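Here's the letter readout for the chains.
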2 protein chains.
Amino acid sequence: MSAGRFVLGVDSGGSGLRVALAPADTGRAAFTTVCAEPVRTGADGIDAGHLLEQVLPAAGGLLVKAGPGAVVAAAAVGAAGMATLGDRLRAELPKAFADSLGVRRVALAADAVTAYAGALGGRPGAVVAGGTGMIALGTDLTAWRRADGWGHLLGDSGGGAWIGRAGLDAAMRAHDGRRGGSPALLARLEAVLGPATGLPGLLYPRTDRPALLASFAPEVGACAGGDEVAARILREAAAHIAEAAAAVCPGPTGSGTDGCEIALTGGLFRMGEPLLGPLRGELARQVPHARVVPAEGDPLHGALEIARSLAGPGLRLPHHPTLLFVPGVT
Amino acid sequence: MSAGRFVLGVDSGGSGLRVALAPADTGRAAFTTVCAEPVRTGADGIDAGHLLEQVLPAAGGLLVKAGPGAVVAAAAVGAAGMATLGDRLRAELPKAFADSLGVRRVALAADAVTAYAGALGGRPGAVVAGGTGMIALGTDLTAWRRADGWGHLLGDSGGGAWIGRAGLDAAMRAHDGRRGGSPALLARLEAVLGPATGLPGLLYPRTDRPALLASFAPEVGACAGGDEVAARILREAAAHIAEAAAAVCPGPTGSGTDGCEIALTGGLFRMGEPLLGPLRGELARQVPHARVVPAEGDPLHGALEIARSLAGPGLRLPHHPTLLFVPGVT
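Just so you know, these numbers come straight off a predicted model, no measurement behind them.

Attention now goes to the overall build of chain A. A tally of regular secondary structure across chain A gives 12 helices and 13 strands. On C-alpha atoms alone, chain A measures out to a radius of gyration of 21 Å, which is about the 20 Å that the 2.2 N^0.38 rule sets for 330 residues. Dimensions of chain A along its principal axes, counting C-alpha atoms only, are 70 × 50 × 30 Å. Taking as baseline every contact in chain A between residues at least 6 positions apart, the subset at least 24 positions apart corresponds to 66%.

All right, on to the pairing of strand β2 (residues 16-23) of chain B then. Residues and elements named next belong to chain B. Counting buried residues along β2, 6 of its 8 residues qualify, which places the element largely inside the surrounding structure. The hairpin formed by strand β1 (residues 5-13) and β2 contains 2 residues between the paired strands. Pairing geometry for β2 and strand β3 (residues 31-34), over 4 bridges, is antiparallel. Within β3, the position partnered with Arg-18 by the bridge is Val-34.

Here we come to the sheet that holds strand β9 (residues 134-139) of chain A. Residues and elements named next belong to chain A. Taken together, 5 strands build an open sheet; the order of strands is β10-β9-β8-β11-β12 and the sheet is mixed. Each edge of the open sheet carries a strand with a single partner, namely β10 (144-148) and β12 (290-293). Each adjacent strand pair in this sheet contributes to an overall mean axis angle of 20 degrees, direction not counted. For β9 and β10, the ladder comprises 5 bridges, and the chain directions are antiparallel.

Turning next to the packing of aromatic side chains. Residues and elements named next belong to chain A. Taken as a whole, this structure holds 2 aromatic pairs over all chains when the rule is applied. Aromatic pair Tyr-116 and Trp-144: ring centres 5.3 Å apart, planes at 90 degrees, arrangement edge-to-face. On the criterion of sequence distance, the pair formed by Tyr-116 in helix α4 (residues 111-120) and Trp-144 in strand β10 is long-range, its members being 28 residues apart. Each member of the pair Tyr-116 and Trp-144 is classed as buried. The ring of Trp-150 has Arg-146 sitting right over it, with the charged end atom 3.8 Å from the ring centre.

Residue and element names in this part refer to chain B. Inspection of every chain in the model, using the stated rule, returns 2 disulfides over all chains. Covalent S-S linkage joins Cys-249 and Cys-260, the inter-sulfur distance amounting to 2.2 Å. Here the S-S torsion is close to -100 degrees, and the disulfide linking Cys-249 with Cys-260 is therefore left-handed. Here Cys-249, found in the loop between α10 (228-248) and β11 (260-265), pairs with Cys-260, found in strand β11; they are 11 residues apart in sequence, far enough to count as distant. Taken as a pair, Cys-249 and Cys-260 share a single burial class, namely buried.

This part takes up the sheet that holds strand β6 (residues 71-79) of chain A. Residues and elements named next belong to chain A. Taken together, the 6 strands give an open sheet; going across it, the order is β3-β2-β1-β6-β7-β13, and neighbouring strands pair in mixed fashion. Since the sheet does not close on itself, it has two edges, and those belong to β3 (31-34) and β13 (324-325), each with one partner. Of the strands in this sheet, β1 (5-13), β6, β7 (106-110) and β13 are in contact with helix α3 (residues 87-101), which crosses β7 at around 145 degrees. Docked against the sheet, helix α12 (residues 299-311) engages β1, β2 (16-23), β3, β6, β7 and β13, running at close to 140 degrees with respect to β1.

Before going further, it helps to spend a moment on the relation of the copies chain B and chain A. Superposing chain B onto chain A takes a rotation of 180 degrees plus a shift of 0.0 Å along the axis, which leaves an RMSD of 0.1 Å. On the angle and the small slide along the axis, the relation comes out as a two-fold axis. If distances are taken from each C-alpha of chain B to the rotation axis, the shortest is found for Leu-153 of chain B, at 4.3 Å. A shared interface surface links the copies, since 100% of the contact residues of chain B are contact residues in chain A too.

With that settled, consider the side chain of His-50 of chain B. Residue and element names in this part refer to chain B. You can see His-50 is positioned in helix α1 (residues 48-66). Here His-50 falls in the buried class, since its relative accessible area comes to 1%. A polar side-chain atom of His-50 sits 3.0 Å from the main-chain amide nitrogen of Arg-40. His-50 has contacts with Glu-37, Pro-38, Val-39 and Arg-40, leaving out every residue within four places of it along the chain.

Bringing the interface of chain B and chain A into the picture now. Counting from both sides, the interface comprises 34 residues of chain B and, opposite them, 34 residues of chain A. Around 3000 Å² of area is buried between chain B and chain A when both sides are counted, 57% of it from carbon and sulfur atoms. Its largest share of buried area at the contact with chain A, chain B owes to Trp-150, Leu-153 and Leu-154 of chain B, together 29% of the area lost on that side. Between chain B and chain A we count 6 salt bridges in total. Sort the elements by how many residues they give to the side of chain B that touches chain A and helix α5 (residues 160-176) of chain B lands first, with 7 residues. Along the lines of polarity and charge, the residues of the side of chain B that touches chain A split into 14 nonpolar, 9 polar and 11 charged.

Quick look at the environment of Arg-28 of chain B now. Residues and elements named next belong to chain B. Locating Arg-28 in the fold gives a position in the loop between β2 and β3. In this structure the C-alpha to C-alpha distance between Arg-28 and Glu-296, which are 268 residues apart in sequence, comes to 11 Å. Here Arg-28 is in contact with Ala-22, Pro-23 and His-301, once residues within four sequence places are set aside.

The next point concerns the domain arrangement of chain A. In many reports, interface size means the accessible area that the parts give up when they come together. All names here are of chain A. In terms of domains, chain A is made up of domain 1 (5-121 + 297-325) and domain 2 (127-293). Of the residues lining the interface, 12 residues belong to domain 1; the matching set on domain 2 comes to 13 residues. Of the roughly 1100 Å² buried between domain 1 and domain 2, counting both surfaces, carbon and sulfur atoms make up 81%. If you sort the residues of domain 1 by the area they bury against domain 2, Tyr-116, Leu-120 and Pro-318 come out on top, with a joint share of 47%. Applying the counting criterion to the domain 1 and domain 2 interface returns 1 residue pair in polar contact (both at pLDDT 80 or more). Per-element tally for the side of domain 1 that touches domain 2: the top contributor is α4, with 6 residues.

Conventions used here
Residue positions are counted from 1 within each chain, in the order its sequence is given. To label them, take the chains in the order written and letter them from A, then take the ligands in the order written and number them from 1. Thresholds applied to this predicted model are a pLDDT of at least 70 for local features of residues and 80 or more for the giving and counting of side-chain atom pairs; totals over whole chains, interfaces and linings are not thresholded and use all residues. Here the side-chain values reflect all heavy atoms present in the structure, with hydrogen atoms and water set aside. Where helices and strands are cited, they refer to DSSP runs of H or I of at least four residues and of E of at least two residues respectively, numbered from the N terminus. We compute the radius of gyration from the C-alpha atoms alone; for a globule the expected value is 2.2 Å times N to the 0.38, where N is the number of residues. Residues are treated as being in contact if the distance between any of their heavy atoms lies within 4.5 Å. Accessibility here uses a 1.4 Å probe with only protein chains present; expressed as a share of the type maximum, an area under 20% marks a residue as buried, one over 50% as exposed, and anything in between as partly exposed. Any two strands with at least two DSSP-identified bridges between them are counted as paired. Fitted lines through C-alpha atoms give the axes, limited to the stretch in contact for helices. The angle between two N-to-C directions lies from 0 to 180 degrees. Within 6.5 Å between ring centres, the rings of Phe, Tyr and Trp (the latter by its six-membered ring) count as paired, and their orientation is classed by plane angle as stacked under 30 degrees, edge-to-face over 60, tilted in between. A ring is considered to have a charge above it if a Lys NZ or an Arg CZ atom is located within 6 Å of its centre and within 35 degrees of its normal. Cysteine sulfur atoms that pair up within 2.5 Å are treated as a disulfide. A least-squares fit on C-alpha atoms brings the copies together, and the residues used are those whose pLDDT is at least 70 in both copies. Two N or O atoms count as a polar contact when they lie within 3.5 Å, although within protein this holds only if one can serve as hydrogen donor and the other as acceptor, and sequence-adjacent residues are included solely when both atoms are side-chain atoms. Buried area is understood as the total, over both parts, of accessible area removed when two parts are fitted together, assessed with a 1.4 Å probe. By salt bridge we mean one thing: a side-chain nitrogen of Lys or Arg within 4 Å of a carboxyl oxygen of Asp or Glu. Each residue receives one of three labels: charged for Asp, Glu, Lys and Arg, nonpolar for Ala, Val, Leu, Ile, Met, Phe, Trp, Tyr, Cys and Pro, and polar for the others, Gly being one of them. In this entry, domain limits derive from an automatic or database-based domain assignment.

Here it is in structure tokens:
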């Protein structure tokens, strides 16, 4: 085995595109680069050409840094929207990686799967990924289970946009004199977004409405200490997040193991104790056989971890035609 | 007073534009016409030119039907969006009506105000207008009070889009195996909208998302008889509708009157008993001094009623710079 044997990981999300190279035996990123632009999504899904024209030169640059004789033994690409919008990527990326980088072991993963691999590696368990949205993904290493992640109008219950929207609803209730209103949240609304009556005109013309809603979630967190309405919103969010975790967490095996691991990842949980306190309580009630563990790493680390498994010991996480696609393996 | 003295009423909404002519002494529509197109809304609000180029010929046609010597003594125009998007209408319509129809007594009203006038005439009380959205408007004849009507992301609590969204959320929960799911609503979702996993791809690209959400509300109503989740959604909707009514209903006068009248108007209430049953209960609890009365007429009738008041006995409903604007009266 050569000292120049590496694995390549890619993490493509709404806010950017990151590429990393790691020694194939450790999977710990040695070289990382951030590309200029988030990958575009067009009418036929994620724009494979736009991803490749950024990733291939970036990978080439990282290989130069790695030194003479460095080769890519395996690669994994995680992308937001991979499950539903990844057809072109699955069709075009394997050949492009083979032609340009000489790598034939490739995996294409949904961002929730790279989040999973980054957090728990190849162990069974569940990951809750919370940001503007909210999705839970779990596996017993035989199959994947997914809960929520349906977007701000159909679910994402307990995520950032959900919390922000509930907070703004409570603020507008206070403005109108309706039951369930929070004068504290109304004061925060007017401080950060202007007059309450102007909010519809601010929100509805935007294309990134969920992001605007989610931007109010930290205000709900900040009010929760002294405002019962805000505290109740976070208790309900915690219950919804635990509901998603409970739906995907592998059951108790009854064979003397110490239960399922759950990792919480994503910016939502930076809200801290106002959300995490109620969430620990809900998880203990709804998924008593599980224990919350810290995530080992982020989705880019997860992509490297998947590539490392492909290059060496073999992938323990289950293959899936859209969640975790490995060409040549069915 | 001439037998040829008439009032003109206009009702402009998202689904169409209607014009009616009524004898000035009764206000009961004698001639009605429906124009070809809903009035456009542009960057600077409701398109006044688009409204006038349809309303003026329609009014002329109705005057011909009314017979030789018919004159318009007063006119009222109710329009969706009038309060926030009606600047151009308020600036241009009075002169255009004076020049083309010879009418100088004109009112420009929000659609909630014409709904109010149609339902309760010039009496104090409250109107709840429910369709895709939900708004409550009340007056003691001194000032207007408004509650909700903030759109599908900030409120409209208990309206059609709210009920439909809650129903779809429960359907997706059943799909995922999350707590709070309804297999009955999931079955209805798949029957009317196709596979659950395809719903995000169906909903999010559309510009009329609230309408699609509201289209599922009747399914929730149809399931409520046998499905506890659907029944709970309608109980919560009823509570929210009553909260809005309670916020705007004039208080008990303590002077021996028999309390405030509340009228329920709009397509939402065609859902019937599954919603109306819980709503009567909630109104009795939250607004005990009020009684629910049938609406006398629709918003077009309300526009005629406002015009009739302007032409004759005088307007009892309070003037307001955007809700009920009467040029020359401040």
